[in-house]
Amino acid sequence: MRVDMHIHTSASFDCLSEPEAVLRTALARGVERICVTDHNEIDAALRLRDRFPDRVIVGEEVKTQEGVDVIGLFVEEKIEKGTPARETCERIRAQGGLVYMPHPFARGKGGAGRLLLEIGSLIHIVEGFNARLHDAVLNERAMLWAKNAELPVGAGSDAHTLREVGRAYIEVQPFALEPAAFLEAVRNGVVRGRPSRRIVHVFSTWAKLRKRVGVG
């Protein structure tokens, strides 16, 4: 079973992809389940999960007070943007979710790894391959850090356009849709992925502009 663990929909400020279209695209590309991880929002993920409960894991990519992103998986309650990173992790865990650390060594949104020592003990899964990172070293450092920390690694397209969906995923044995079973599946899974083209960032910028002027 293939799971793309990091996908955005039109509920994110920098994406125009309708949730249903994202899921259809994933399924057409052989990705059986997706983690919908919109920026600071969960409503679209919840609605999609309610319609397709066997296909969707609800997530949220939280922009923390430190400016570093943290993803919560299997969440039911939104965590506000600007929440400190440690508190974000604690609130994800308090609602029974999994703390998934995306692109931990990316500059800016990943903090170049600077928060890993502070929140490392609260992390369940590290994103070992992010298809939007074009410097392979950044993914390699994430994989190495996870190995040294004895944490499982996941993978995601970080798709903000339909063309990116399924560019990266984790291949796992079938699992029950609950946190413990998914964590075990990821622990024994295999990361697959290939980088997206750099032009995808242009489309994200275009999405931001359209929404800013009230067009998209």
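What follows deals with unusual backbone geometry. Look at E150: it is not a glycine, yet its phi comes out positive at around 55°. Within the chain, D158 stands out as a residue other than glycine whose phi angle is a positive 55°. Locating D158 in the fold gives a position in the loop between β7 (153–156) and β8 (168–171). For D158, a relative accessible area of 2% corresponds to the buried category.

Right, let's get into the nonpolar core. Core analysis: the biggest nonpolar cluster contains 39 residues, and I34, V70, M101, I119 and I123 have the highest contact counts within it. Of all the secondary-structure elements, those providing two or more residues to this core are α1 (19–28), β2 (33–39), α2 (43–51), β3 (56–63), α3 (85–94), β5 (98–101), α4 (116–119) and α5 (136–149). Discounting residues that sit within four places of it in the chain, I119 has contacts with V70, A85, R86, C89 and M101. Within the second largest apolar cluster, 18 residues are counted, among which are L73, F175, F182 and V186.

Quick look at the packing of aromatic side chains now. How two aromatic rings sit relative to each other is given by the distance of their centres and the angle of their planes. Inspection of every chain in the model, using the stated rule, returns two aromatic pairs. When the ring of F74 is compared with that of F182, the centres are 5.8 Å apart and the planes differ by 55°; the resulting orientation is tilted. Of this pair, F74 sits in the loop between β4 (69–73) and α3 while F182 sits in helix α6 (residues 179–187), placing them 108 residues apart in sequence. Accessibility expressed as a relative area gives 0% for F182, which makes it buried. Ring geometry for F175 and F182: centres 5.0 Å apart, planes at 45°, overall tilted. Taken as a pair, F175 and F182 share a single burial class, namely buried. Directly above the aromatic system of F175 lies the positively charged group of R33, at a separation of 4.6 Å from the ring centroid.

The subject of this paragraph is α3. The set of residues buried in α3 consists of A85, T88, C89 and I92. Along the axis of α3, the buried positions cluster into a sector of 95°, meaning they face one direction only. Looking at the packing, one finds that the buried side of α3 touches β3, β4, β5 and α4. One or two steps after α3, the chain reaches G96, where phi turns positive at roughly 85°.

Parameters and conventions
Residues numbered from 1 in each chain as written. Predicted model: local features only at pLDDT ≥ 70, side-chain atom pairs only at ≥ 80, totals over all residues. Heavy atoms only, no water. Helix = DSSP H or I, 4+ residues; strand = E, 2+ residues; numbered from the N terminus. Buried < 20%, exposed > 50% of the residue type's maximum accessible area, 1.4 Å probe, protein only. Core = buried A, V, L, I, M, F, W, Y, C linked by side-chain atoms within 4.5 Å. Contact = heavy atoms within 4.5 Å. Phe/Tyr/Trp six-rings, centres within 6.5 Å; stacked < 30°, edge-to-face > 60°. Lys NZ or Arg CZ within 6 Å of the ring centre and 35° of its normal. Arc of directions from axis to C-beta.

These results come straight from atomic positions and should not be treated as a statement about function.
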